[in-house]
Amino acid sequence: MTDEADTLAADEHWMRAAIAIAKSRGSDPATAPIAAVIVRDGQVIGSAHNECDTLHDATAHAEIMAFRRAGAATATPENQSGELRGATLYSTLQPCGMCTMASIWSKVSRIVYGAGRDDVHEMYFEARHVDTLAFVGDAYRDDVTITGGVLRDACAALYYPPDAKLDFEQQANL
């Protein structure tokens, strides 16, 4: 196997783990079944699903919760802030602006996501349609690798499709 094939196989493995976490919330796309897994050296160091409603906290996105858990799990006297250098964030959905910025501050080395902006209903993203992932490389860090579309169809199936007709009250972020 080549390095590229090994990387793809690992990415699909960890994305399946994230999909399983997302599915643990049920099959209703209205519950925002987003999940994230953070892996370093072949080990999960943090994972979570979206906990905004559970914790009554608008910042409790899956990625943020996974960062918090990974930081706590890996903090040392030399790394009090829980930096995640060398780690990969796997998310079932392209990270929003807040989660993208948290990726920068946590210092993950890779961001891997399944479904992207064009694969799901617009309610899952900011109304201004800022390409937050391009923002990472353009404005902040040139040492982050971003890979999108890993198990795209399986991830997109978790959410409302782009053409879903939803009442305004059903929609977040709009």
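Because the structure is a prediction, the values reported are computed rather than measured.

Rules of the game
Residues numbered from 1 in each chain as written. Predicted model: local features only at pLDDT ≥ 70, side-chain atom pairs only at ≥ 80, totals over all residues. Heavy atoms only, no water. Helix = DSSP H or I, 4+ residues; strand = E, 2+ residues; numbered from the N terminus. Buried < 20%, exposed > 50% of the residue type's maximum accessible area, 1.4 Å probe, protein only. Contact = heavy atoms within 4.5 Å. Areas by Shrake-Rupley, 256 points an atom, 1.4 Å probe, with all protein chains shown as cover. Pairing = 2+ DSSP bridges. Axes fitted to C-alpha atoms, helices over the stretch in contact; angles between N-to-C directions. Expected span 1.5 Å × (residues − 1). Right-handed = clockwise from strand over helix to strand, strands pointing away.

Q: Help me out: how do you make sense of the overall build of the protein chain in this one?
A: Secondary structure assignment for the protein chain yields 6 helices and 5 strands. Along the protein chain, helices and strands appear, N-terminal first, in the series α-β-β-α-α-β-α-β-α-β-α. The buried share of the protein chain, reckoned over its 174 residues, is 47%. Contacts spanning at least 24 positions in sequence make up 65% of the contacts within the protein chain whose residues lie at least 6 apart. Working note: accessible area of the protein chain is about 8900 Å², and carbon and sulfur atoms make up 51% of it.

Q: Which parts of the structure should I look at to understand helix 4 (residues 97-106)?
A: For the α-helix, the turn length of 3.6 residues means that residues three or four positions removed from each other point alike. In terms of burial, helix 4 is a largely internal element, 8 of the 10 residues being buried. Buried residues of helix 4: G97, C99, T100, M101, A102, S103, I104 and S106, and no others. K107, located one to two residues past helix 4, shows a positive phi value of around 70 degrees.

Q: Sorry if this is basic, but what is going on with the pairing of strand 1 (residues 35-40) here?
A: Successive residues of a regular strand alternate their side chains across the two faces of the sheet. When you tally the buried positions in strand 1, you get 6 out of 6 residues, the bulk of the element. Both faces of strand 1 are covered, namely the face carrying A35, V37 and V39 and the face carrying A36, I38 and R40. Across 6 bridges, strand 1 lies against strand 2 (residues 43-49) in antiparallel orientation. Paired with R40 across the two strands is Q43, which belongs to strand 2.

Q: Sorry, what's going on with the sheet that holds strand 1 here?
A: One open sheet accounts for 5 strands, arranged 2-1-3-4-5; its pairing is mixed. For this open sheet the edge positions go to strand 2 and strand 5 (145-148), each flanked by a neighbour on one side alone. Strand-to-strand twist across the sheet, computed as the mean angle between neighbouring axes with direction ignored, equals 15 degrees. Of the strands in this sheet, strand 1, strand 2 and strand 3 (88-93) touch helix 3 (residues 62-74), which is tilted by about 145 degrees from strand 2.

Q: In this structure, what is going on with helix 3? I would like to understand it.
A: Counted at 1.5 Å a residue, the expected span for helix 3 with its 13 residues is 18 Å, and the 18 Å between its end C-alpha atoms agrees. Buried within helix 3 we find A62, E63, I64, M65, A66, F67, A70, G71 and T74. Where helix 3 is buried, its residues contact strand 1, strand 2, helix 2 (52-55), strand 3 and helix 4.

Q: Sorry, what's going on with the pairing of strand 4 (residues 110-115) here?
A: Across the 6 residues that make up strand 4, a large majority, 6, are buried. Between strand 3 and its parallel partner strand 4, the chain crosses via helix 4, and the hand of that crossover is right-handed. One ladder, built from 4 bridges, connects strand 4 with strand 5; its direction is parallel. For R110, the partnering residue across the bridge sits in strand 5 and is T145.

Don't take any of this as a statement about function, it's just geometry.
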